[in-house]
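Structural features, examined
Below are the chains, spelled out letter by letter.
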Amino acid sequence: MFRQLTADERRALADRLAARGVTPQQFTQAQELARAMSEALARTYGEAIGRRATPVEFVTAVLGAEGAGRLLVCALRQVTGHPDLYRDA
């Protein structure tokens, strides 16, 4: 269900973020923060359902593709201090 971005997609994303004032370092930091959030949410989800759940399983079952992106956007907002880049795009 989830795939890695192609090189062209990564460049396009980097360009769009740079246009909004997000540096590559901030994006990397936001990715790490989003990963940590998804791991914590997966642990909590696993406790609720009575078995271990991976971050991908949690995102697929609970958030869906849209929600997975939302975690990253929330992390970008926290890292950059910019308004919600998702809504304001």
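All values derive from a computational prediction rather than experimental measurement.

**Quick look at the nonpolar core**
Core analysis: the largest hydrophobic core is formed by eight residues, namely Leu17, Val22, Phe27, Ala30, Ala34, Ala75, Leu76 and Val79. When residues of this core are traced back to their parent elements, those giving at least two are α2 (24–49) and α3 (55–80). Not counting residues within four places of it along the chain, the set of residues in contact with Phe27 comprises Leu13, Leu17, Val22, Leu72 and Leu76.

**Regarding the pattern of salt bridges**
For the coordinates displayed, the defined rule picks out two salt bridges. One salt bridge in this structure joins Asp8 and Arg11, with 2.3 Å as the shortest N-O distance. Here Asp8 pairs with Arg11, and both are found in helix α1 (residues 7–19), just three residues apart, close to one helical turn. Assessed through its relative accessible area of 54%, Asp8 is described here as exposed. Here Arg51 and Glu57 are joined by a salt bridge, their closest N and O atoms 2.7 Å apart. What makes Arg51 partly exposed here is its relative accessible area of 46%. Residue Glu57 is classed as partly exposed on the basis of its relative accessible area, which comes to 25%.

**Digging into the confidence of the model for the protein chain**
Taken over all residues, the pLDDT of the protein chain has a mean of 84, while the share at 70 or more is 89%. Mean pLDDT per element in the protein chain: α3 is the minimum at 84, and α2 is the maximum at 92.

**What about the environment of Thr28?**
You can see Thr28 is positioned in helix α2. Thr28 gets classed as partly exposed once you look at its relative accessible area, which sits at 37%. Along the sequence, Thr28 and Leu76 sit 48 residues apart, while their C-alpha atoms lie 9.3 Å from each other.

**Details of the side chain of Ser38**
Tracing the backbone through its elements, the reader meets Ser38 in helix α2. On the accessibility criterion, Ser38 (9% relative accessible area) is buried. With sequence-adjacent residues up to four places away left out, Ser38 is seen in contact with Pro55 and Leu71.

The rules behind the values
- Residues numbered from 1 in each chain as written.
- Predicted model: local features only at pLDDT ≥ 70, side-chain atom pairs only at ≥ 80, totals over all residues.
- Heavy atoms only, no water.
- Core = buried A, V, L, I, M, F, W, Y, C linked by side-chain atoms within 4.5 Å.
- Buried < 20%, exposed > 50% of the residue type's maximum accessible area, 1.4 Å probe, protein only.
- Helix = DSSP H or I, 4+ residues; strand = E, 2+ residues; numbered from the N terminus.
- Contact = heavy atoms within 4.5 Å.
- Salt bridge = Lys/Arg side-chain N within 4 Å of Asp/Glu carboxyl O.
- pLDDT = per-residue confidence, 0-100.

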